[in-house]
Amino acid sequence: GDRVKLFRDYYDGNHRSKLTGNMKRMLRISGDAHDQFNENYCGLVVDTYADRLLVERMQGDSDEATMWATELMDANRFDGLQMDIHEATIRDGDTFVLLEYDNETDRVVFSHEPCWDGETGMIAVYDRRLKNILIAVKVWYEGLDDARRVNFYYPDRVEKYIGDESGYGMQPYVDDSTDERGIAEWLPGVVPVIHYRNRMRTMTQYGISELASVVPLQDALNRGLMSMVMTAELTAFLIRVAKGFEPPAEVSPGMWITIGAEGLSNDQVADAFTLEPGGIVPFIDQANHLIEQIATISRTPLPTTLGGDSASGEALKQRESGLLAKVRKAQVKVGNSHEDLMRMAVVLHNTFSGTRAPVSNWRCVWRDAQVRNEAQMIQNALAVRDIVGERETLRLIAEVYGYGMGKQEEIQQEKQAQTAQAMSALAGSLPGFDNFNV
């Protein structure tokens, strides 16, 4: 919970200050979340990664299965839900999706459940092999009195509890779905929770946040920024020293300052000078080095490391290679979790619904993670149109515009209809043309 909260704070820009009271006074800041100096690269590291993870569809063994999955995903607004899932998985290292059956709509409902952060969220308890979830625990606050709710999801039942805001005095929570003990029977025989993990390891049930190795570098970058600010302050407002006399309270250009009106004795020395500030260039070099290290360790092509407008497309592609490798791995691991989500949705639907969902093997189809030059893709498709034919050309262009198979067939039929109409019009204007079967 402490780790998850730390990563969320850093993603939001609420970084640890680590300043003494004197440092805060010199910088004229309080050091709280909204009054501190930081350059937040944590959000950029997570968002750059998450933006490349976009599911296009869940494909089944048959058209019927694919259609069922598409309708279920549309009903659950999966286009937006997947963004929350991917962002939380990358940022926190772990996140969950809870599946429930809605009798009114006769469908399975997906709910994103963020990982436990010390106050609210979901926790999964695994068996000794770390393969199967034995219990999933969901903790949240509810109502105007902030009553604390806890649900335990077992394979065969759901136990519901309620307590005060502090969490003490937990009592069974009774509603229409439970008995007097707060227990609801769970027919499917599975824990209805899918665990999404970033960079899943075999020896632990937890994933690894992408910010785990970035936070120390972010702290160092923030300290350098504070030093830069203080150096700039001391450059603009130099500290002046008077030796052997007391300077006037206000000094203006052109004025005379009298030192020792009665004259100075031989053992008296008067002097005035300024304390020179340090140079700001070393701090800038240090900041650039730390930003480069953040980009290298997280394999994130940050804007400052991409080069100028003169960089070639091949050079930019090479700088993205680390990110693309990371995305491809995530597409396999996270894609498996999405496939498990559909498999469990079928189990729940066939348990509670009067209709049958198609049992299928599922495959998560991702959008290409590589940044594409869409104008060049269209130009390349048109260049080979005479070789590959109209249908293949349309398929190549469809990748740019996101046309599915249905849309492609619709375009083909519409074009064929226009051709047939044009040929039919010729039948009435050219002698003997009506003898041909259009």
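Scroll up to find the structure this text is about.
Residues numbered from 1 in each chain as written. Predicted model: local features only at pLDDT ≥ 70, side-chain atom pairs only at ≥ 80, totals over all residues. Heavy atoms only, no water.

### With respect to the pattern of salt bridges
Which entries qualify depends on this criterion: We count a salt bridge whenever a side-chain nitrogen from Lys or Arg sits within 4 Å of a carboxyl oxygen from Asp or Glu. Strands here are runs of E lasting at least two residues and helices are runs of H or I lasting at least four, both read from the DSSP assignment and numbered beginning at the N terminus. Per-residue accessibility, obtained with a 1.4 Å probe over protein chains only, is compared with the maximum for each type, and a residue is labelled buried under 20%, exposed over 50%, and partly exposed between these values.
If you walk through the whole model with that rule in mind, you get 21 salt bridges. Notably, a salt bridge pairs Arg 52 with Glu 320, separated by 2.4 Å at the nearest N-O pair. Of this pair, Arg 52 sits in the loop between helix 3 (42–50) and strand 1 (55–59) while Glu 320 is found in the loop between helix 8 (313–319) and helix 9 (321–352), placing the two residues 268 residues apart along the sequence. Each member of the pair Arg 52 and Glu 320 is classed as buried. Residue Glu 87 pairs with Arg 91 through a salt bridge whose shortest N-O separation is 3.4 Å. Of this pair, Glu 87 and Arg 91 both sit in helix 5 (residues 78–92), four residues apart, which is roughly one turn of the helix.

### As for the packing of helix 6 (residues 215–236) against helix 7 (residues 281–298)
In plain terms, the rule: All axes here are fitted lines through C-alpha atoms, helices being fitted over the stretch that makes contact, and every angle between N-to-C directions spans 0 to 180 degrees. In what follows, roughly perpendicular refers to angles from 65 to 115 degrees, roughly parallel to angles under 35, roughly antiparallel to angles over 145, and oblique to any angle outside these ranges. Whether a crossing is left-handed or right-handed is set by the direction in which the near helix is turned from the far one by less than a right angle, anticlockwise for left-handed and clockwise for right-handed. Whether two residues are in contact is decided by their heavy atoms, any of which lying within 4.5 Å being enough.
One way to put it is that helix 6 packs onto helix 7 with a least axis distance of 9 Å and a crossing angle of 160°. Considered as vectors, helix 6 and helix 7 are oriented roughly antiparallel to each other. Of the two possible hands of crossing, helix 6 and helix 7 adopt the one that is left-handed. Residues Leu 217, Gln 218, Ala 220, Leu 221, Gly 224, Ser 227, Met 228 and Thr 231 of helix 6 pack against Phe 283, Ile 284, Gln 286, Ala 287, Leu 290, Ile 291, Gln 293, Ile 294 and Ile 297 of helix 7.

### Concerning the sheet that holds strand 2 (residues 94–102)
The condition is simple: Two strands form a pair only when DSSP identifies at least two bridges running between them.
The three strands lie next to each other as 3-2-10, forming an open sheet whose pairing is antiparallel. Lying at the two open borders of the sheet, with one neighbouring strand each, are strand 3 (107–114) and strand 10 (193–197). With strand direction ignored, the average angle separating the axes of adjacent strands in the sheet is 25°. Of the pairings in the sheet, the one linking strand 2 to strand 10 comprises five bridges and is antiparallel in character. Note that in strand 10 the partner of Leu 98 across the bridge is Val 193.

### Quick word on a nonpolar patch on the surface
To keep it simple, the criterion reads: Only residues whose relative accessible area exceeds 30% and that take part in no salt bridge are eligible for patches, with like-charged residues grouped when within 9 Å of each other and nonpolar side chains (Val, Leu, Ile, Met, Phe, Trp, Tyr) grouped when within 5 Å. Using a 1.4 Å probe, the Shrake-Rupley method yields the accessible areas, and only the shown protein chains count as cover for residues.
Together, Val 251, Met 255, Ile 257 and Ile 259 make up an exposed nonpolar region whose accessible area comes to about 320 Å². Looking at the secondary structure, you find Val 251 in the loop between strand 11 (239–243) and strand 12 (271–275). Given a relative accessible area of 59%, Val 251 falls into the exposed group.

### Quick look at the nonpolar core
Formally: Nonpolar core, defined: a set of buried Ala, Val, Leu, Ile, Met, Phe, Trp, Tyr and Cys residues in which side-chain atoms within 4.5 Å join the residues together.
Counting 70 residues, the largest nonpolar core has Trp 68, Leu 99, Phe 110, Leu 211 and Met 342 as the members making the most contacts within it. Ranked by residues supplied to this core, first place goes to helix 9 with 11 residues. When near neighbours in sequence (up to four residues on either side) are disregarded, Leu 99 contacts Val 108, Val 109, Phe 110, Trp 186, Pro 192, Val 193, Ile 194, Leu 341, Met 344, Ala 345 and Leu 348.

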